[in-house]
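Chain by chain, the residues:
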Amino acid sequence: MEKIMFMPEGSDKPASFYVLEQTKIRGFSYILVTDREEGDAECLILKEKSKSEGEDALYEIVEDEVELQAVSKVFEELLEDVGIEL
């Protein structure tokens, strides 16, 4: 499982997450990340906000309920053995 580092806005300490899956919906890239490599864990769905491919990827947490439900269903289909509770 790929591990990535994030610099949360307003923080000077990086946070690390494991990428469970990624997908593209209507031209937007989404990644499903978790704080632990195995077992039950908290997960987040992040949406890429980068403007061009040459810059570092910029992601934000998906908070809109409609978008969150739609994207979580796609990830559940991609990861047959994973259930996402909102």
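Scoring rules and cut-offs
Residues numbered from 1 in each chain as written. Predicted model: local features only at pLDDT ≥ 70, side-chain atom pairs only at ≥ 80, totals over all residues. Heavy atoms only, no water. Helix = DSSP H or I, 4+ residues; strand = E, 2+ residues; numbered from the N terminus. Buried < 20%, exposed > 50% of the residue type's maximum accessible area, 1.4 Å probe, protein only. Pairing = 2+ DSSP bridges. pLDDT = per-residue confidence, 0-100. Axes fitted to C-alpha atoms, helices over the stretch in contact; angles between N-to-C directions. Contact = heavy atoms within 4.5 Å. Polar contact = N/O pair within 3.5 Å; in protein donor to acceptor, adjacent residues only side chain to side chain. Phe/Tyr/Trp six-rings, centres within 6.5 Å; stacked < 30°, edge-to-face > 60°. Lys NZ or Arg CZ within 6 Å of the ring centre and 35° of its normal.

1. Side note on unusual backbone geometry
- Backbone geometry places R26, a non-glycine residue, at a positive phi of 50°.
- Within the fold, R26 resides in the loop between β2 (15-25) and β3 (28-34).
- According to the relative accessible area criterion, R26 is exposed, its value standing at 81%.

2. Some points on the pairing of strand β4 (residues 43-48)
- Sheet topology note: the β3/β4 ladder contains five bridges and is antiparallel. Directly across from Y30, in β4, lies its bridge partner K47.
- Where β4 lies against strand β5 (residues 59-61), three bridges are found, and the strand directions are antiparallel. Paired with K47 across the two strands is E60, which belongs to β5.

3. A short note on the confidence of the model for the protein
- For the protein, per-residue confidence averages 85 on the pLDDT scale, and 88% of positions sit at 70 or higher.
- Across the protein, β3 holds the top mean pLDDT of 93, while strand β1 (residues 2-6) sits lowest at 85.

4. A look at the sheet that holds β2
- Spatial ordering of the open sheet is given by β1-β2-β3-β4-β5, a layout of five strands whose pairing is antiparallel. Edge positions in the sheet fall to β1 and β5, since each of these pairs with one other strand and no more. Averaged over all pairs of adjacent strands, the angle between strand axes in this sheet comes to 45°, irrespective of strand direction.
- Contacting β2, β3 and β4, helix α1 (residues 65-78) runs over the sheet at an angle of about 90° to β2.

5. What to know about the side chain of T34
- Position of T34 relative to the elements: it lies in strand β3.
- Looking at T34, its side chain comes within polar contact range of the main-chain oxygen of E42, at 2.9 Å.
- Contacts of T34, omitting those with residues within four sequence positions, involve F17, Y18, L20, A41, E42 and C43.

6. So, the packing of aromatic side chains
- What the rule picks out here adds up to two aromatic pairs.
- Measuring from centroid to centroid gives 6.1 Å for F6 and Y59, while their planes differ by 85°, and the two rings are edge-to-face. Here the residue F6 occupies a position in strand β1, and Y59 occupies one in strand β5, the gap between them amounting to 53 residues.
- Three or more aromatic residues link up through ring pairs in this structure, and these residues are F6, F17 and Y59.
- Between K47 and the ring centre of F28, over which it is positioned, the NZ or CZ distance is 4.1 Å.

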